[in-house]
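# Commentary on secondary and tertiary structure
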Amino acid sequence: MTQKEPVPMGQKGRNMTLDTILEEIKKAEKIVILAHETPDGDAIGSCLAMNLAVKALGKSADVVIKEFPRVFDFLPGRDEVKTESNVEQYDLAIALDCADLKRLVGKEYFEEAKQTIVIDHHGSNKMFGDINFVNPVAPACCQILIGMFEYFGIDINKELGTCILTGIITDTGGFKYPGVTAETFEFTAELLGKGVNVSDIYKRVLQTKTKANFELMKRTLNRMEILEDGKVTFTYVTNQDLKEVNAGIGDHEGLVELGRDIEGVEVSIFIREKDEAENTYKVSMRSNNYVNVSDVCLMFGGGGHQRAAGATAQGTIEEVRDNEFVITNTEVTGSINIIKKFNWCISIILSNREIK
Ligand SMILES: [Mn+2]
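Residues numbered from 1 in each chain as written. Predicted model: local features only at pLDDT ≥ 70, side-chain atom pairs only at ≥ 80, totals over all residues.

## Thoughts on the pairing of strand E4 (residues 115-120)
- Counting buried positions over the six residues of E4 gives five, a clear majority of the element.
- As paired elements, strand E3 (residues 92-96) and E4 share five bridges and run parallel to each other. Bridge pairing in E4 places Ile 94 opposite Ile 117.
- In this view, the connection linking E3 to its parallel neighbour E4 by way of helix H3 (residues 107-112) has right-handed handedness.
- Looking at chain direction, E4 and strand E5 (residues 131-134) are connected through four bridges and run parallel. Bridging across to E5, Ile 117 finds its partner in Ile 131. (Buried ≥ 20, exposed ≤ 12 C-beta atoms within 10 Å, placed from the backbone. Helix = DSSP H or I, 4+ residues; strand = E, 2+ residues; numbered from the N terminus. Pairing = 2+ DSSP bridges. Right-handed = clockwise from strand over helix to strand, strands pointing away.)

This is how it looks when you write it as structure tokens:
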């Protein structure tokens, strides 16, 4: 790996936030890199890319990811990832692709760290770090890292490029979401020239389904309800399903998109039981053209992007069909009707749209 010297401090065209981030990385002895719960390709790619970048700067870091989806096992640096750490206090904690401290896995390391940095692209980011570098226009956190690493004078080689491109490919649905920029393609072209196997990454992260994912897809499709005049779909998986199909980490990925891709559908809602004992559900939503699902999920203490967002809800699967529900500040609790409640929100948004 070749390494250029960064432009000296204080020179014209410098970015103070990036200068401070570089300074903090260079200063720190113990660094930890963290991402959001149920990490996707962008979270994983960002963490592994940051780990390589830290090394390129002559430092080392712990990457702590509790649940690593096996689809990303091929990525460089996978074997260095830890599920936990026994370091009591880090000098520096870097949170990637994570909008909210509540969703950060290993937040204890973050809270204890002497210095914290948040790098993200969610519009709902709570700016919970000492230093926050958030660009909601970037289609992936990994795309923010490209500019950052170039600024730091780090050579983006094949390994680093493979991690970064994995994040871009997954968060843009294979370059098809509207957030994709000219830079996305320019960078991809550049990486192809450096030997990054774009087609192999694409096939591994978007095209190949695990058997468990396929079995869950069948159940999800069978249960799918089409509501609100064909504009909303709702479906779910239970812990029982996950057990029966022998699902591993990440095997539910992509299920929320099945409803979204039906003609005429604006919003798809998918709930997944998280923890049977606590009756906790992860709610995921996707939209096509005009409903801001991040706003809908914010009402439930969640958040995300305009076209892809999530929240957490509590109740029993039977109670999903009851009519009673209680909303607290941060969570949907008690006897809830997730379908009706979410539909209520979405109905308002849909009807507002029609009035306009
Ligand atoms: Mn992301």
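## A short note on helix H6 (residues 182-193)
- Over its 12 residues, H6 extends 17 Å from the first C-alpha to the last, a length consistent with the 16 Å expected when each residue adds 1.5 Å.
- Among the residues of H6, Thr 184, Phe 187 and Leu 191 are the ones counted as buried. Each buried residue of H6 sits inside an arc of 70° when the element is viewed along its axis, so together they form one side. Pointing more than 90 degrees away from the buried face of H6 are the exposed residues Ala 182, Phe 185, Glu 186, Ala 189 and Gly 193.
- Among the structural elements, helix H4 (141-152) and helix H5 (158-171) are those in contact with the buried residues of H6.
- Backbone geometry just downstream of H6 places Gly 195 in the positive-phi region, at approximately 95°. (Expected span 1.5 Å × (residues − 1). Arc of directions from axis to C-beta. Contact = placed C-beta atoms within 7 Å.)

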